[in-house]
Amino acid sequence: MKIRKAVFPVAGLGTRFLPATKAMPKEMLPVVDKPIIQYAVEEAFAAGIEEIIFVTGSGKGALEDHFDRSYQLEDTLRSRGKHELLAALEAVAPAAGTIIYTRQKEPLGLGHAIWCARNIVGDEPFAVLLADDLIQAETPLLVEMVREFDRLRASVVAVIEVDPEETSRYGILDVEETINGLVKVKGLVEKPDPQDAPSNLAIIGRYILTPKIFEILDRKIVGKGDEIQLTDAMALLLGEQPIFGYRCRGRRFDCGDKAGFQMANLAFALERSEIREQLLPFIRSIVKGE
């Protein structure tokens, strides 16, 4: 079955970026000239996703408005002959019925957020994208993962190697073998202390999951942080179905972290020739202490 649907958990409060996120969803923070969430949505569409499911919370109206038409602004750009900007604006709003919104009414964890989309996803495999993880790559990461799912017909998660001292920030894999960039998973642990971590292979915010995961999440098993953890549910899923880890070949930026967010802005700005020419001398002058 084709991967047609993608779930975006976007109900978080973004407290790390206060006061900037007091009145604006963290997913709308811009990297260069596009909000973080738009990069992830574009990645999903590039992978053939047909239906976007946003699991939202209170105060996410700006996100919903961003992916809607803005007729007054479009008319203004059209009347002023700003056709390039108009095309960019129109490209943001997908066809009617492409985006669906549902609410996570309580902050009960990532696993619970995904469970909230169960009735919309239905009985088919689906993708999950965490917009905080911004991936800079030649080929979008989800495109590569969909190809692997089509070949394996099993759940696939994106992984990177992290500093062993940072394992307590991630879901960590225990693996059997590595074949052509893929690892076969034999266990998963949510945020283990470094001395207890089975490896330094960490799950990042791209998943392709089978609908069996909803049956497990429906048990409402509470894990670390008194939340329903997706990693714990996947560990139970592993008892019934195989799971594979796909090594991310691009550069991953943690935009849920202030330093990671600034790094992402620099990296994506330097890709743009018209900005790069002005930015590089400025960066050099700062490094030299001028």
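Residues numbered from 1 in each chain as written. Predicted model: local features only at pLDDT ≥ 70, side-chain atom pairs only at ≥ 80, totals over all residues. Heavy atoms only, no water.

Visitor: What's the story with the overall build of the protein chain in this structure? I'm lost.
Guide: The helix and strand tally for the protein chain stands at 11 helices and 13 strands. For the protein chain, the C-alpha radius of gyration of 20 Å lies close to 19 Å, the compact-globule estimate for 290 residues. Counting only C-alpha atoms, the protein chain reaches 60 × 50 × 40 Å along its principal axes. Scored against the burial criterion, the 290 residues of the protein chain give a buried share of 49%. Considering only contacts in the protein chain between residues 6 or more positions apart, those separated by 24 or more positions represent 75%. (Helix = DSSP H or I, 4+ residues; strand = E, 2+ residues; numbered from the N terminus. Rg over C-alpha atoms; globule rule 2.2 N^0.38 Å. Buried < 20%, exposed > 50% of the residue type's maximum accessible area, 1.4 Å probe, protein only. Contact = heavy atoms within 4.5 Å.)

Visitor: Teacher, can you tell me more about the environment of Lys 2 here?
Guide: Checked against the element boundaries, Lys 2 lands in the segment before β1 (5–9). A sequence separation of 151 residues divides Lys 2 from Arg 153, and the C-alpha atoms of the two residues are 10.0 Å apart. When residues no more than four places from it in sequence are discounted, the contact partners of Lys 2 are Gly 48, Glu 50 and Glu 124. Of the polar contacts made by the side chain of Lys 2, one reaches the side chain of Glu 50; its length is 3.0 Å. (Polar contact = N/O pair within 3.5 Å; in protein donor to acceptor, adjacent residues only side chain to side chain.)

Visitor: Would you take a moment to explain the layout of surface pockets for this structure?
Guide: One way to see where empty space is left: roll a probe the size of a water molecule over the atoms. Of the voids in this model, the largest pocket is the one considered here, and its volume is about 1,400 Å³. Every residue lining the largest pocket is counted, 44 residues in all, and those nearest its centre are Lys 26, Leu 110, Leu 130, Asp 132 and Lys 191. With 4 residues, the top contributor of residues to the lining of the largest pocket is strand β11 (residues 201–209). A class-by-class count of the residues in the lining of the largest pocket yields 16 nonpolar, 13 polar and 15 charged. The calculated volume of the second largest pocket comes to roughly 520 Å³. As for the second largest pocket, its lining consists of 24 residues, of which Gln 38, His 66, Ala 88, Leu 89 and Val 92 are closest to the centre. Top contributing element to the lining of the second largest pocket by residue count: helix α4 (residues 83–92), with 6 residues. A per-class count over the lining of the second largest pocket returns 13 nonpolar, 3 polar and 8 charged. (1 Å grid on protein atoms, 1.4 Å probe; cavity = no way out; pocket = protein on both sides within 12 Å on 5 of 7 lines; lining within 4 Å. Points joined across faces, edges and corners; volume = space filled by probe spheres on them. Nonpolar A, V, L, I, M, F, W, Y, C, P; charged D, E, K, R; others polar.)

Visitor: Any chance you could explain helix α9 (residues 230–237) here in plain terms?
Guide: Turn by turn, an α-helix covers 3.6 residues, leaving residues three or four places apart pointing in a common direction. Residues of α9 that are buried include every one of Leu 230, Thr 231, Ala 233, Met 234 and Leu 237, and no others. Down the axis of α9, the buried set is contained in an arc of 160°. They therefore lie on one face. (Arc of directions from axis to C-beta.)

Visitor: Honestly, the packing of aromatic side chains in this entry has me stumped. Any pointers?
Guide: Aromatic ring pairs are defined here through the distance separating the ring centres and the angle between the ring planes. The full count for this structure, using the stated rule, is 7 aromatic pairs. Seen from their ring centres, Phe 126 and Phe 214 are 5.0 Å apart, and the 10° between their planes marks the pair as stacked. Of this pair, Phe 126 sits in strand β6 (residues 126–129) while Phe 214 sits in helix α8 (residues 212–217), and the two are 88 residues apart along the sequence. Assigned by exposure class, Phe 126 and Phe 214 land together as buried. A cation over a ring is seen here: Lys 220 above Trp 115, with NZ or CZ 3.8 Å from the ring centre. (Phe/Tyr/Trp six-rings, centres within 6.5 Å; stacked < 30°, edge-to-face > 60°. Lys NZ or Arg CZ within 6 Å of the ring centre and 35° of its normal.)

Visitor: Quick question: what am I supposed to make of the environment of Asp 254 here?
Guide: With respect to the helices and strands, the residue Asp 254 is situated in strand β13 (residues 251–254). Under the relative-accessibility criterion, Asp 254 is labelled buried at 16%. For the pair formed by Asp 254 and Ile 204, sequence separation is 50 residues and the distance between their alpha carbons is 9.2 Å. Among residues more than four places away in sequence, those in contact with Asp 254 are Asp 132, Asp 133, Arg 169, Gly 260 and Phe 261. Reaching out from Asp 254, the side chain makes a polar contact with the side chain of Arg 169 at a distance of 3.3 Å.

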